[in-house]
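Each chain, written out:
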2 protein chains.
Amino acid sequence: MSNRELVVLGTSSQVPTRERAHHGAVLRWDDEVVLFDPGEGTQRQLTLAGVSAASITRICLTHLHGDHCLGLPGILQRMALDGVDRPVDLYFPASGQEYVDRLRHASAARGALVVREHPVRGDGLVDTWPALALHARALDHRVETYGWRLEEPDGRRMLPEALAAHGIEGPDIGRLARDGVVHVEGRRVAVEEVSEPRPGQSFAFVMDTRRCEAAVELARDVDLLVCESTYLTSEEDLADSYAHLTAAQAGQIAAAAGARRLVLTHYSQRHSDEVLFAEEARRHFPDVHAARDLDRVPVPPREVPEPHPRR
Amino acid sequence: MSNRELVVLGTSSQVPTRERAHHGAVLRWDDEVVLFDPGEGTQRQLTLAGVSAASITRICLTHLHGDHCLGLPGILQRMALDGVDRPVDLYFPASGQEYVDRLRHASAARGALVVREHPVRGDGLVDTWPALALHARALDHRVETYGWRLEEPDGRRMLPEALAAHGIEGPDIGRLARDGVVHVEGRRVAVEEVSEPRPGQSFAFVMDTRRCEAAVELARDVDLLVCESTYLTSEEDLADSYAHLTAAQAGQIAAAAGARRLVLTHYSQRHSDEVLFAEEARRHFPDVHAARDLDRVPVPPREVPEPHPRR
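It should be emphasised that the depicted structure is a prediction, and the values quoted were computed from it without experimental measurement. (Residues numbered from 1 in each chain as written. Chains lettered and ligands numbered in written order. Predicted model: local features only at pLDDT ≥ 70, side-chain atom pairs only at ≥ 80, totals over all residues. Heavy atoms only, no water.)

### Considering the interface of chain A and chain B
(1) Moving on: Taken together, the 40 residues of chain A in the interface contact 39 residues of chain B.
(2) Moving on: Each partner contributes to the roughly 3200 Å² buried at the junction of chain A and chain B, and carbon and sulfur atoms together form 53% of this total.
(3) Moving on: Looking at the side of chain A facing chain B, the largest losses of area belong to Arg18, Glu40 and Arg44 of chain A, adding up to 20% of the total buried there.
(4) Moving on: Between chain A and chain B we count 0 salt bridges in total.
(5) Moving on: Where chain A touches chain B, the interface holds 20 residue pairs in polar contact (both at pLDDT 80 or more).
(6) Moving on: Listed by contribution, the elements that provide at least two residues to the side of chain A that touches chain B are α1 (42–49), α2 (72–81) and α3 (97–104) of chain A.
(7) Moving on: When the residues that make up the side of chain A that touches chain B are grouped by side-chain class, the tally is 14 nonpolar, 16 polar and 10 charged. (Contact = heavy atoms within 4.5 Å. Buried area = accessible area lost by both parts, 1.4 Å probe. Salt bridge = Lys/Arg side-chain N within 4 Å of Asp/Glu carboxyl O. Polar contact = N/O pair within 3.5 Å; in protein donor to acceptor, adjacent residues only side chain to side chain. Helix = DSSP H or I, 4+ residues; strand = E, 2+ residues; numbered from the N terminus. Nonpolar A, V, L, I, M, F, W, Y, C, P; charged D, E, K, R; others polar.)

### Things to note about the relation of the copies chain A and chain B
(1) Moving on: Overlaying chain A on chain B yields an RMSD of 0.1 Å, the required transformation being a rotation through 180 degrees with an accompanying axial translation of 0.0 Å. Expressed as a symmetry operation, the mapping of one chain copy onto the other fits a two-fold axis.
(2) Moving on: Most of the interface of chain A is mirrored in chain B, where 98% of its interface residues are also at the interface. (Least-squares fit on C-alpha atoms with pLDDT ≥ 70 in both.)

### Some thoughts on the packing of helix α8 (residues 247–257) of chain A against helix α9 (residues 275–282) of chain A
Describing two packed helices takes the angle between their axes plus the distance from one axis to the other.
Residue and element names in this part refer to chain A.
(1) Moving on: With their axes 7 Å apart at the nearest point, α8 and α9 run at an angle of 45 degrees to one another. The angle between α8 and α9 falls in the class oblique. When the axes of α8 and α9 are compared, the crossing they make is right-handed. For the pair α8 and α9, the contacting residues are Ala247, Ala248 and Gly251 in the first and Phe277, Glu280 and Ala281 in the second. (Axes fitted to C-alpha atoms, helices over the stretch in contact; angles between N-to-C directions. Parallel < 35°, antiparallel > 145°, perpendicular 65-115°, else oblique. Left-handed = near helix turned anticlockwise from the far one by under 90°.)

### Digging into the environment of Cys69 of chain B
(1) Moving on: Note that Cys69 of chain B resides in the loop between β4 (58–60) and α2 (72–81).
(2) Moving on: The buried category is assigned to Cys69 of chain B, whose relative accessible area is 0%.
(3) Moving on: Once you skip the residues sitting within four places of it in the chain, Cys69 of chain B turns out to touch Ser107 of chain A together with Pro38, Gly39, Leu61, His63, Leu64 and Leu103 of chain B. (Buried < 20%, exposed > 50% of the residue type's maximum accessible area, 1.4 Å probe, protein only.)

### Details of the sheet that holds strand β8 (residues 133–138) of chain A
Residue and element names in this part refer to chain A.
(1) Moving on: Reading across the sheet, the 7 strands line up as β7-β8-β9-β14-β15-β16-β17 and stay open at both edges, with mixed pairing between neighbours. With partners counted over all chains shown, the strands left at the sheet margins are β7 (124–128) and β17 (288–290), one partner each. Neighbour to neighbour, the strand axes of the sheet diverge by 20 degrees on average, direction disregarded.
(2) Moving on: Both strand β9 (residues 146–151) and strand β14 (residues 202–206) contribute to a ladder of 4 bridges, which runs antiparallel. If you follow Glu151 over to β14, its bridge partner there is Ser202.
(3) Moving on: Those strands touched by α8 are β15 (224–228) and β16 (261–265), and its axis lies near 155 degrees from that of β16. (Pairing = 2+ DSSP bridges.)

Have a look at this one:
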């Protein structure tokens with residue numbers, strides 16, 4: 001099991017089918033467990049996927065249509081029931097505040113979960129978590145909708161041989177990472193001497209939307225892009241009139257953005273075979289995973305850098 | 001397929017499990033399709049059960065705990081989406097009004113379904129439908145909770161031989177049923193001469209509650225009783241402290257009430273085998289069906305009356 005992976009809970013748009021639950025997805029990223037757009041039934045899908053509701057650290061809603069949020073009350077009540085006593089952060093378009101208020105108090109429930117609300121009022125940096133920054137950009141849907149982008153800051157990878165050559169070991173390695181410098185036997189060693197740059201990874205979550213530049217900007221150079229693909233190319237007119245994407249358009253967005261891997265989801269009930277979506281997207285972009293319920297899709301590992309040139 | 005049957009959607013209390021969805025049940029009774037206590041995920045369970053959301057005529061909520069109502073928003077939005085243009089009646093405890101308000105408008109939705117609200121403020125007759133009367137009685141739970149009872153009025157069954165003997169046929173049979181009398185070749189024939197009494201059937205839905213007299217009164221002589229059985233006898237203390245029933249207590253209620261058939265549901269997640277519940281209830285009552293998700297349980301047909309004594 002990767003420590004950075006997408007757990008797909010449901011893949012249906014609008015209405016569930018025999019094969020597909022309403023949309024829902026979890027991103028596991030080291031210590032963060034981020035739930036995106038929980039549709040009705042997300043609580044049970046988590047059980048089927050083997051992910052504990054109590055492990056969720058953040059919840060992001062792109063918009064307040066039912067198929068993207070009606071699972072929220074069950075999740076919040078379940079987390080309270082399971083005794084979660086740390087705050088949970090909830091990100092959503094500010095214009096959806098009235099619905100968030102109702103969803104948070106939709107039925108009589110015991111226990112209280114502390115929810116920190118983050119209504120989003122425009123493009124830009126939304127929040128900085130310990131290991132990731134959350135950015136939002138407005139998409140082009142029928143109600144206010146934000147796509148999400150998670151960015152890990154660039155870091156450095158320690159080089160074991162270089163550390164050994166300088167006699168740095170044990171707690172000194174932690175000091176070096178924290179302070180950028182350490183003194184060993186009277187000599188000053190800077191972190192740059194014993195490490196190489198490690199670019200941060202990134203992730204984007206794009207739904208629901210028409211084709212728009214914001215989708216490409218959210219997905220710029222990400223390691224993993226999750227993108228709605230409600231329709232096939234033969235239904236491009238429908239996609240446009242309901243403000244959705246086709247699978248081909250999702251592939252074009254991934255290609256234009258230079259993403260590394262594309263996950264398709266949020267399919268119209270018209271199509272029970274997700275392979276059709278994968279085929280259309282692959283005409284534009286190579287690494288396509290057309291998700292099925294309960295799939296796990298790893299964030300591609302960092303590319304191994306070229307061997308470090310010794311000074 | 002019987003035209004009077006219970007369609008079991010989900011059988012879990014509090015939280016769903018791998019095997020069991022949150023509670024939900026539909027009673028199909030001739031032209032009525034009554035949805036009881038839709039927990040989260042009811043929309044998809046209907047699809048899996050082959051019951052159209054658009055066919056629902058009434059919705060009854062015993063109380064406003066999440067596992068009995070968080071499926072309501074999805075059902076109402078789905079019915080609107082599917083173009084239902086007749087009103088839908090919604091029955092619920094009046095003290096749950098604030099939650100009903102939120103559930104009805106929980107997220108941004110297109111379309112409008114006309115919902116006629118019937119907040120219930122005490123025991124007694126709640127509404128009279130074309131073919132059934134709905135009665136409520138307060139149960140003993142942690143929040144205001146009403147059990148439901150449906151009663152078909154007594155009618156008469158026409159006797160083909162007697163009709164033929166009086167020369168009554170075609171539209172005259174309808175006139176006789178409507179007016180109670182018909183004239184054939186100058187002779188007056190009263191309905192009593194060519195029919196026998198046909199007692200109405202009845203149904204009760206009891207959850208969530210501690211043992212109480214109201215549960216027995218709701219279930220008095222019913223053809224089908226649906227009763228919660230959250231726990232087993234070994235957990236009687238838990239049942240009492242959380243205001244729930246054991247399977248044995250459900251069997252005792254069915255026996256004391258003189259019900260004909262008992263359906264058990266709403267099981268604690270502790271027990272994955274519903275046979276344990278059936279065994280405990282059968283020590284007190286013979287005709288027990290421990291429900292599994294997606295089961296269909298017929299309302300037992302009327303007992304065939306003794307042959308009619310000819311006058």
